[in-house]
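Chain and residue survey
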Amino acid sequence: MTATAQSAEEHGAAEQLAAMPQDWTRALAIVAHPDDLEYGAAAAVAEWTAQGKEVTYVLATRGEAGIDTMEPGEAARVREAEQRASAQVVGVAEVEFLDHRDGVLEEGPALRRDIAAAIRRHRPELVITLNHHDTWGGGPGSPWNTPDHRALGRSVLDAVGDAGNRWIFSDQLEKDGVLPWSGVRWVAVTSSPTVTHAVRVGEEAARKGLASLLEHRAYIEALTDEDPETYARSIVYGGLDHYSRLNGGHRSVAFELHPR
């Protein structure tokens, strides 16, 4: 995922973003690929885990179609290892993979089922996902989002409701012994063109956010000829500085927040 931050002012964002809720203890971040969280949200995750909050990662795929020069089986192995190392940098101990195929995620009951099961297992108050909108920006000609991101994000928003309904995917309750979970209070969408809330990020969390993206070295080296650290710094610090203008001059990660 290589989105470039778009001007939030152009997308109707408020002059000052609201603060993200802090009265929660468990979050579940659900995205499509290894590296999706590191292109923006990881620094916020580092802030939260430093406060003692618990964050778990769930990835729909292993990113096997993401490196053109690497055979998919090997790419899956490499990218899974990079994601696990990246998560550890920001204090995330548990990373799950749902083993859907990279590049061909389909919005619908099969994906919703697996996401609802993860929500029922982990019982989060906050769910984090990636931009589900058609584009990365809100203006004419904005870069088109990928099918996997759109399908995954929309399925997450739907699966949050599924997880709390005992009559949807009810076989999970019998086979897996999980209970319905209607305790999700918010869904936070990172890299959205219509951000509403922000998390202030200190220097240590920013440093960890940068380090977490750099763990995806094989992916970055296949993506660009630029020096990996220079590239990663421009992504991470560029995003944090971009949203500082909408959050009192403080480096920030911004989200589109959906109360439940």
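Residues numbered from 1 in each chain as written. Predicted model: local features only at pLDDT ≥ 70, side-chain atom pairs only at ≥ 80, totals over all residues. Heavy atoms only, no water.

Strand order across the open sheet formed by eight strands is β1-β7-β8-β6-β5-β2-β3-β4, with mixed pairing between neighbours. Looking at strand neighbours, the two that pair on one side only are β1 (18-19) and β4 (95-97), the edges of this open sheet. Note: β1 against strand β7 (residues 197-200), two bridges, orientation parallel. Residue pairing across strands places A19 opposite A198, the latter belonging to β7. (Pairing = 2+ DSSP bridges. Helix = DSSP H or I, 4+ residues; strand = E, 2+ residues; numbered from the N terminus.)

One pass over the structure, following the stated rule, counts three aromatic pairs. Relative to F255, the ring of W48 has its centre 5.9 Å away and its plane inclined at 25°; by these criteria the two rings are stacked. Of this pair, W48 sits in helix α1 (residues 42-50) while F255 sits in strand β8 (residues 252-259); the two residues are 207 residues apart in sequence, bridging distant segments of the chain. The residues W48 and F255 share a single accessibility class, namely buried. Among the aromatic residues, those joined into a cluster by ring pairs are W24, W48 and F255. Above the plane of the ring of W24 lies K53, whose end atom (NZ or CZ) is 4.6 Å from the centre. (Phe/Tyr/Trp six-rings, centres within 6.5 Å; stacked < 30°, edge-to-face > 60°. Buried < 20%, exposed > 50% of the residue type's maximum accessible area, 1.4 Å probe, protein only. Lys NZ or Arg CZ within 6 Å of the ring centre and 35° of its normal.)

Moving on, we get to the pattern of salt bridges. Within the structure shown, the criterion is met by 16 salt bridges. R113 is the salt-bridge partner of D171, the closest N and O atoms lying 2.9 Å from each other. Here D171 is found in helix α5 (residues 171-175), whereas its partner R113 is found in helix α3 (residues 109-122), with 58 residues between them in sequence. A single salt-bridge network, built from bridges that share partners, covers R62, E80, R84 and D99. (Salt bridge = Lys/Arg side-chain N within 4 Å of Asp/Glu carboxyl O.)

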